[in-house]
Amino acid sequence: SAEVHREKTIIRPDTQMYRGLVAFLFVLLSLVLYNTYTAPGDPLIQEGIDFLRQKGVFTNDPVRAELEFSRLRDPSLLSNSEQRRRYEASRERLLRLVSTEAETHRDSVPPGLHVWNETEFPGYKKEDVFFLKHPAALSQRYQLSGLCYMHGPAMVQHYALAHNNHSVPMLDLLKFIKEHFTAEQLERHIFDNQGGDSSTFLKSILQAKTTLVTSGIPSLVPFFRDFGPALVAKFKVHEDFMKASVHHHYGKPSGKFIGYHAMTFVGHRLSDNGTSYFLLQNWWEKKQFVEVDADYLKASGAYFTFIETPQTGIPDTFSYTYGKYHELEAV
């Protein structure tokens, strides 16, 4: 009889899909093992990563979480130099955040910090500069990371308390970050060195039912007399403003646009020829005070927010400190 040969049908999975799944599982397992078994070169970075996990950073994307946290552990493993620098900076921000319990605050400014002086800024009358009229209120801040949107509002709040003859505490921004930042805010700060809107942040730190007034340049002086210093928001920074040794800017800004900045308007003067000048308080080590004329201020596109409602204190839910100098995220 003839032999009957029957071929067995073998059903094979889609090779490409199978290989892709294996590769994905391999990457995921590698990241998990890396995070679990990496030698503890710096236990503080693990504390920082645990803090980010507890705050919910990347909770909805566990694969990305493992990838981002592994890069924080050891940025030197990244072959791309730009990425390596980015994660080295992110790592430093996180280490500074978890290594300090509260903001650094002192009763005097450290050596090397730019300070106000009448020789550099002549022509200002006592009644036209807030901290000359209220000497006990003068305080300076130093910005280490991209958080100008917090420094400006904290200083305006501080001066608003002094304007109403109350004690003059300063919002502890480091504790605020730890205790009140959302997962999204922490992600922007740690990984992107980006902040938020300064006007929105100002509203969030003031007492309930506080009314704010937004002003243009023509109303700056009368509002300043009524309400005290103002938040300078969305100030367009150009290359010329980045020069730390230059503390006076007149006319039109020069150079390319760098980004937006937040400062505090603290004083004004009128020259003999009728030119108006405005004194701004800043957060950069070598550029703490800046004088601009009306043309430069107008070209910056900034807007100004005054606190109309008298402030009697910092809300109880927020921590605060006292001092003449405050440094966020001190190493």
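Residues numbered from 1 in each chain as written. Predicted model: local features only at pLDDT ≥ 70, side-chain atom pairs only at ≥ 80, totals over all residues. Heavy atoms only, no water.

**Some remarks on the layout of surface pockets**
How we decide: A cavity, in this analysis, means grid points on a 1 Å lattice covering only the protein atoms where a 1.4 Å probe fits yet has no way out; a pocket is instead an open set bounded by protein on both sides within 12 Å along at least five of seven lines, and a residue lines either one if it has an atom within 4 Å of a point. Grid points are joined across faces, edges and corners, and a volume is the space filled by probe spheres set on the points. Strands here mean DSSP runs of E at least two residues long; helices mean DSSP runs of H or I at least four residues long; both are numbered from the N terminus. By the convention adopted, Pro, Cys, Tyr, Trp, Phe, Met, Ile, Leu, Val and Ala count as nonpolar, Lys, Arg, Asp and Glu as charged, and the other residues, Gly among them, as polar.
Counted as a void, the second largest pocket has a volume near 180 Å³. If you go around the second largest pocket, the residues you meet are G123, K125, D128, V221, R225, H268, R269, L270, S276, Y277 and F278. Mapped onto the lining of the second largest pocket, the elements with two or more residues apiece are α10 (220–227), β7 (257–270) and β8 (276–284). Of the residues assigned to the lining of the second largest pocket, the class counts are 4 nonpolar, 3 polar and 4 charged.

**Examining the environment of F223**
Counted only if it meets this: We call a residue buried when its accessible area falls under 20% of the maximum for its residue type, exposed when it is over 50%, and partly exposed in between, using a 1.4 Å probe and counting protein chains only. It only takes one pair of heavy atoms within 4.5 Å for two residues to be counted as in contact.
Summarising the element assignment, F223 is placed in helix α10. Among the residues examined, F223 registers a relative accessible area of 23% and is labelled partly exposed. Once the C-alpha coordinates of F223 and V213 are considered, the two residues, 10 residues apart in sequence, prove to be 8.8 Å apart. Among all residues touching F223, those that are not within four sequence positions of it are V213, T214, S215, G228 and F306.

**Quick word on the nonpolar core**
Rule in force here: The term nonpolar core refers to a set of buried residues drawn from Ala, Val, Leu, Ile, Met, Phe, Trp, Tyr and Cys, joined through side-chain atoms within 4.5 Å.
With 81 residues, the main nonpolar core has L52 and F235 as its most contacted residues. Counting residues per element, this core draws most heavily on helix α6 (residues 148–163), which supplies 10 residues. Sequence-distant contacts of F235, that is, excluding residues within four places in its chain, are made with F241, G259, Y260, H261, M263, L280, Y296, L297, S300 and A302.

**Quick notes on the sheet that holds strand β2 (residues 140–142)**
Using the following cut-off: Here a strand pair is declared whenever DSSP counts at least two bridges between the two strands. Between the N-to-C directions of two axes lies an angle of 0 to 180 degrees, each axis being a line fitted to C-alpha atoms and, for a helix, fitted only over the stretch in contact.
Within the open sheet, the 3 strands sit side by side as β1-β12-β2. Their pairing is mixed. Edge positions in the open sheet fall to β1 (104–106) and β2, since each of these has one partner strand only. Neighbouring strand axes in the sheet, compared pairwise and without regard to direction, differ in orientation by 15° on average. Of the pairings in the sheet, the one linking β2 to strand β12 (residues 325–327) comprises 3 bridges and is parallel in character. Across the sheet, Y142 pairs through a bridge with E327, a residue of β12.

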